[in-house]
Amino acid sequence: MKPIFSFLVLLFTVKATAQTHFTIPQNVWRFSLNSDYTSANWRSKNLSNTGIKHSYTIFPKVYSINQYFKRTLSTNRINIEYGFTDRTTLVFKLPYINRITQNHSWSVSNDSSSATLDSLFKFYYPSTNTNKGLSDIAIGINLLIKGSPAWRGGKQRFSFYSGLDMIFPFAEALKRYDSADVGSDGIPNQFRHVPLGEGLTEIRLRFFGEFYRKKWGRLFNINWKVGFSTFQKAAVNPRITFLWIQDASADSIANSIGNTFQKRPFKLNGLISAQLELVPKKVFFTTGADWIFSGRDEFFSSNNVWNSWMRKHSGYGSQKMLTSQFVKVNLFNLDPYQMVGPKPFELEIGARWFLPYPLTFNTYGNISSWIQFSTYFQAW
């Protein structure tokens, strides 16, 4: 007999009281569409500086160069979840970048002898580049280890979960440098390319949960999460830059580097949030903070000097951290006794903003807003 899909009207007949559905009941599907807009500037390891500082020598003069990067992203994400059992939920995440725009500007030591270096930047580095396409796809599983989720209720008043994800590099990585692959103005196309991913497979282990109590007719939740990621070592296309070596052409630089492999180190992430039920079974308000920290990358190529420079140099390090605050409001239409229309759904509206150095460095400081629509179905 073929599975029959229908709207799950009676999913939360009595206890449709919380947004934290880390797992969902057996044979239930949840489909979510998230639309996100993000604007970000590159943040260095300095409270006031938003760019990357370099030193460049044209003997005998040493120049100070600041590079500034800004980007905007418009992204749609489709999340599909399935209750394999009452305690186990399978998760599939499919993100698509509608448009990413990266703006690049710079400043060079201001004297007459810097004109040559400034013209070199103007030729090889376009001020604006754009791209779009599929991002990295994630497949995972959430497992309720102990306790009861808030949407189910119970005497224990807490839930504890584990999760395992694999993130596959479906996103377009950086193009390989090819001196023959140039645009109409003679600029190699690698300099125009905005990659959508790094081309590395990620395995992520998560532990997360919630504590919840009901007082004065309102539900109050504390949610938390910690995660640890490892990455597969993989071949990558190095970004050709003139800033690590003097008096060399782009072709000479590419030949000196040769084939390159990248090994990303561990990545840690965490989250803590508080949620309050403003209108019973209808409106929830959440605020919290999250962070991501990763160690220094390792590069393996034919040039050890370049390997070290990419790992860390004056004004830049591949060790990075991003810390953000966020707020969101969730509107629920799940309780069959209060439901408007025949279809159960959730609507989420949220905003996120980064916290400056020392809580964010060597990465983009994001300011974003999103809207998400979710609905439930049952198959039998």
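In this numbering scheme, every chain counts its residues from 1 along its sequence in written order. Residues qualify for local features only when their pLDDT is at least 70, as the model is predicted, and side-chain atom pairs are given and counted only at 80 or more; totals for whole chains, interfaces and linings, by contrast, use all residues. Side-chain descriptors were evaluated using all non-hydrogen atoms of the structure, hydrogens and water having been removed beforehand.

**Details of the environment of Thr23**
At step 1: Residue placement: Thr23 occurs in the loop between strand S1 (5-7) and strand S2 (28-43).
At step 2: Residue classification places Thr23 among the buried residues on the basis of a relative accessible area of 0%.
At step 3: With 223 residues separating them in the primary sequence, Thr23 and Gln246 have C-alpha atoms 56 Å apart. We count a stretch as a helix when DSSP gives it H or I for four or more residues in a row; a strand needs E for two or more, and each element gets its number in order from the N terminus. Think of it in three bands: with a 1.4 Å probe and only protein chains considered, a residue is buried below 20% of the maximum accessible area for its type, exposed above 50%, and partly exposed in between.

**Some thoughts on the environment of Gly197**
At step 1: Among the secondary structure elements, Gly197 is positioned in the loop between strand S8 (158-168) and strand S9 (202-215).
At step 2: It is 6.8 Å that separates the C-alpha atoms of Gly197 and Ser135, two residues lying 62 residues apart in sequence.
At step 3: Excluding anything up to four places from it in sequence, Gly197 contacts Ala171, Glu172, Ala173 and Leu174. The contact rule is simple, with two residues in contact once any of their heavy atoms fall within 4.5 Å.

**A look at the pattern of salt bridges**
At step 1: Any Lys or Arg side-chain nitrogen located within 4 Å of an Asp or Glu carboxyl oxygen qualifies as a salt bridge. Within this structure, the stated rule accounts for 11 salt bridges.
At step 2: In this structure, Arg264 engages Asp297 in a salt bridge whose closest nitrogen and oxygen atoms are separated by 3.9 Å. Pair noted here: Arg264 is in the loop between strand S12 (260-263) and strand S13 (267-279) and Asp297 is in the loop between strand S14 (283-294) and strand S15 (298-300), with a separation of 33 residues, a long-range link.
At step 3: Using a relative accessible area of 6% as the deciding quantity, one classes Asp297 as buried.
At step 4: The partner of Glu348 in a salt bridge is Lys328, and the shortest N-O contact between them spans 3.7 Å. One end of the pair, Glu348, is in strand S19 (residues 345-354); the other, Lys328, is in strand S18 (residues 320-333), with 20 residues separating them in the sequence.

**Notes on the pairing of strand S10 (residues 218-231)**
At step 1: Strands qualify as paired when DSSP identifies two bridges or more between them. With 14 bridges joining them, S9 and S10 adopt antiparallel strand pairing. If you follow Arg204 over to S10, its bridge partner there is Ser229.
At step 2: The antiparallel pairing of S9 with S10 creates a hairpin that spans 2 residues between the two strands, and Trp216 there sits at a positive phi of about 55°.

**Structural notes on the side chain of Arg204**
At step 1: Tracing the backbone shows Arg204 in strand S9.
At step 2: Non-local contacts of Arg204, meaning those with residues more than four positions away in its chain, are made with Gly163, Leu164, Asp165, Ile167, Phe228, Ser229 and Asn269.

**Description of the packing of aromatic side chains**
At step 1: Two rings from Phe, Tyr or Trp (for Trp, the six-membered ring) form a pair when their centres sit within 6.5 Å of each other. Planes less than 30 degrees apart are called stacked, planes more than 60 degrees apart edge-to-face, and all others tilted. Considering all chains together, one arrives at 22 aromatic pairs under this definition.
At step 2: Here the aromatic rings of Phe123 and Tyr124 are separated by 4.8 Å at their centres, their planes lie at 90°, and the arrangement is edge-to-face.
At step 3: Owing to a relative accessible area of 17%, Tyr124 belongs among the buried residues under this scheme.
At step 4: Ring centres of Phe160 and Phe207 lie 6.3 Å apart, and the angle between their planes is 5°; this geometry places the pair in the stacked category.

**Overview of unusual backbone geometry**
At step 1: Cis geometry marks the peptide bond from Tyr357 to Pro358, where omega comes out at 10°.
At step 2: Structurally, Pro358 is set in the loop between S19 and strand S20 (363-379).
At step 3: At Asn27, a residue that is not glycine, the phi angle is positive and equals roughly 70°.
At step 4: Along the polypeptide, Asn27 turns up in the loop between S1 and S2.
At step 5: A positive phi angle is found at Lys281, which is not glycine, with a value near 60°.
At step 6: Residue placement: Lys281 occurs in the loop between S13 and S14.

**Some points on helix H3 (residues 304-311)**
At step 1: Among all positions in H3, only Trp306, Asn307, Trp309 and Met310 are buried. The buried residues of H3 occupy an angular sector of 165° when the element is viewed end-on, so they sit on one face. Of the exposed residues in H3, those oriented more than 90 degrees away from the buried face are Asn304 and Val305.
At step 2: Lining the buried residues of H3 we find strand S3 (52-58), helix H2 (250-257), S12, S15, strand S16 (312-313) and strand S17 (316-317).
At step 3: You can read the cap of H3 off the contacts: a side-chain oxygen lies 3.0 Å from the backbone nitrogen of Val305, and it is on Asn303. Here the arc refers to the directions that run from the helix axis out to each C-beta atom. Under this definition, polar contacts are N or O atom pairs within 3.5 Å; protein pairs additionally need one hydrogen-donor-capable and one acceptor-capable atom, and for neighbouring residues in sequence, both atoms have to be side-chain atoms.

Honestly, that's just the spatial picture; any functional story needs more than this.
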